[in-house]
Amino acid sequence: MANSIRVVETISELRAAVKQARASGLEIGFVPTMGALHEGHGRLVEVAAAECGFVVVSIFVNPTQFGPNEDFARYPRTPEHDQAVCAQAGAKLIFQPSVAEMYPAGQLSTFVEVPSVSRRWEGEQRPTHFRGVATVVLKLFQIVGADRAYFGEKDYQQLRVIRQMVVDLNTPVQVIGVPTVREADGLALSSRNRYLNPEERQTAVALSAALKAAGRLAAVGEQDAGRIRQELHKTLESAVGVVIDYAEIVDAETLEPLDRLNPDCGARAIIAVRLPSARLIDNAPLPRPGEPA
Ligand code: PAF
């Protein structure tokens, strides 16, 4: 049975708790989330707790990162379950602000944009998404004042956006990416998986199968990114009912599409597809020749 965990809703309570933890000599770890926590979030908290004496998890379904026709209203909210996950994984405090606490004037006059790495992929599909993410994450960084912040590689473009923002704005926090947690059949854990009906849940395995197929080609020395991209598309197109938004091979740093793999820079396969009940994204690093797929 996990210990109970303290939940605070105001910025002033949060700051007082963090100040006290710091005064006791503890390092502050921070895991920003939108709740509906799953094992992937649990892993972020565990990694944070292994490295920091005081781990704060924020739970805030941030309206500014949802487009007008997206799922803000129906985004799952599971506060009791979330508290249990956080306590079990070793967090010390949950910061669960209201929308009014985070956006007291209703709207902001200041936004953070990271166009270089936001422009493509999710940025094309969801034009205001990364502005909303970068702005709320910077606000949370200012509020929590953590030493280290932990993000899942599942949202790889988001991780790149946050890393770039922190570098560009000299934000004093170390950003740590944590590998994606997957179901036994390969499906990446996501709060949105719960939207899938049983048939779609089966079909969704195509994403990780496509990434594996791409990884196998790279591991045996295929350098032609177009050829690996074809492999991604072939696997996804064989899954009934999947509409591909994108399936690409990109430079792991710039997220620009690659023509050829280059042993000097990392490459990543990235995918977004639509199923009738949910839009899913996934990604994986491509191994260098000879590395395991
Ligand atoms: O990844 C998420 O859950 C959100 O985008 C984040 C980072 C908590 C910002 O709202």
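Our subject is the structure that appears above.
Presented here is an overview of the structure given in this document.

What counts and what doesn't
- Residues numbered from 1 in each chain as written.
- Predicted model: local features only at pLDDT ≥ 70, side-chain atom pairs only at ≥ 80, totals over all residues.
- Heavy atoms only, no water.
- Pairing = 2+ DSSP bridges.
- Helix = DSSP H or I, 4+ residues; strand = E, 2+ residues; numbered from the N terminus.
- Axes fitted to C-alpha atoms, helices over the stretch in contact; angles between N-to-C directions.
- Contact = heavy atoms within 4.5 Å.
- Buried < 20%, exposed > 50% of the residue type's maximum accessible area, 1.4 Å probe, protein only.
- Right-handed = clockwise from strand over helix to strand, strands pointing away.
- Near = heavy atom within 4 Å.
- Polar contact = N/O pair within 3.5 Å; in protein donor to acceptor, adjacent residues only side chain to side chain.
- 1 Å grid on protein atoms, 1.4 Å probe; cavity = no way out; pocket = protein on both sides within 12 Å on 5 of 7 lines; lining within 4 Å.
- Points joined across faces, edges and corners; volume = space filled by probe spheres on them.
- Nonpolar A, V, L, I, M, F, W, Y, C, P; charged D, E, K, R; others polar.
- Expected span 1.5 Å × (residues − 1).

1. Some words on the sheet that holds strand E8 (residues 267-275)
Okay, step 1: A sheet is described by the order of its strands in space; here three strands give the open sequence E7-E8-E9, paired in antiparallel fashion. The sheet is open, and its two borders are formed by strand E7 (243-251) and strand E9 (278-285), each paired with just one other strand. Each strand of the sheet is rotated relative to its neighbour by a mean of 10 degrees, with strand direction disregarded.
Okay, step 2: Sheet topology note: the E7/E8 ladder contains eight bridges and is antiparallel. Along E8, the bridge assignment pairs Ala247 with Ile271.
Okay, step 3: Docked against the sheet, helix H10 (residues 205-219) engages E8 and E9, running at close to 20 degrees with respect to E9.

2. Overview of the pairing of strand E3 (residues 54-59)
Okay, step 1: The buried fraction of E3 is high, at six of six residues.
Okay, step 2: Examined bridge by bridge, strand E2 (residues 28-33) and E3 share six bridges and lie parallel to one another. Bridge pairing in E3 places Gly29 opposite Val55.
Okay, step 3: A crossover connection joins E2 to the parallel E3 through helix H2 (residues 39-51); in handedness this β-α-β unit is right-handed.
Okay, step 4: Here three bridges tie E3 to strand E4 (residues 93-95), and the two strands are oriented parallel to one another.

3. A word on the site of the ligand
Okay, step 1: For the ligand, the full set of nearby residues is Pro32, Thr33, Met34, Asn62, Gln65, Val133, Val136, Val137, Phe151 and Gln158.
Okay, step 2: Between the ligand and Gln65, the relevant distance is 2.6 Å, taken from an oxygen atom to a side-chain nitrogen or oxygen of the residue.
Okay, step 3: With respect to the ligand, the side chain of Gln158 contributes an N or O atom lying 2.7 Å from an oxygen atom.
Okay, step 4: Counting residues per element, the shell around the ligand draws most heavily on helix H7 (residues 129-144), at three residues.

4. A few points about the layout of surface pockets
Okay, step 1: The computed volume of the second largest pocket comes to approximately 280 Å³.
Okay, step 2: The wall of the second largest pocket is formed by 16 residues, among which Arg182, Leu211, Asn283, Ala284 and Pro285 lie closest to the centre.
Okay, step 3: For the lining of the second largest pocket, the secondary structure elements donating two or more residues are H10 and E9.
Okay, step 4: Of all the elements, H10 adds the most residues to the lining of the second largest pocket, at four residues.
Okay, step 5: Residue composition of the lining of the second largest pocket, by class: seven nonpolar, five polar and four charged.

5. Side note on empty space enclosed by the protein
Okay, step 1: For the structure shown, the criterion picks out one cavity of 30 Å³ or more.
Okay, step 2: Taken as a whole, the largest cavity spans an internal volume of roughly 50 Å³.
Okay, step 3: In this structure, the largest cavity is lined by Lys154, Leu187, Ala188, Ser190, Asn193, Ala204, Leu207, Leu280, Ile281 and Asp282.
Okay, step 4: In terms of residues, the lining of the largest cavity owes the most to one element, E9, which gives three residues.

6. Some details on H10
Okay, step 1: Between its first and last C-alpha atoms H10 spans 21 Å; for 15 residues at 1.5 Å apiece the expected length is 21 Å, and the two agree.
Okay, step 2: Of all 15 residues in H10, 11 are buried, a share of seventy percent or more.
Okay, step 3: Where H10 is concerned, the buried positions are Ala206, Leu207, Ser208, Ala210, Leu211, Ala213, Ala214, Gly215, Leu217, Ala218 and Ala219.
Okay, step 4: On its buried face, H10 is in contact with helix H9 (198-203), helix H11 (225-237), E8 and E9.
Okay, step 5: Positioned one or two residues after H10, Gly221 has a phi angle of 105 degrees, which is positive.

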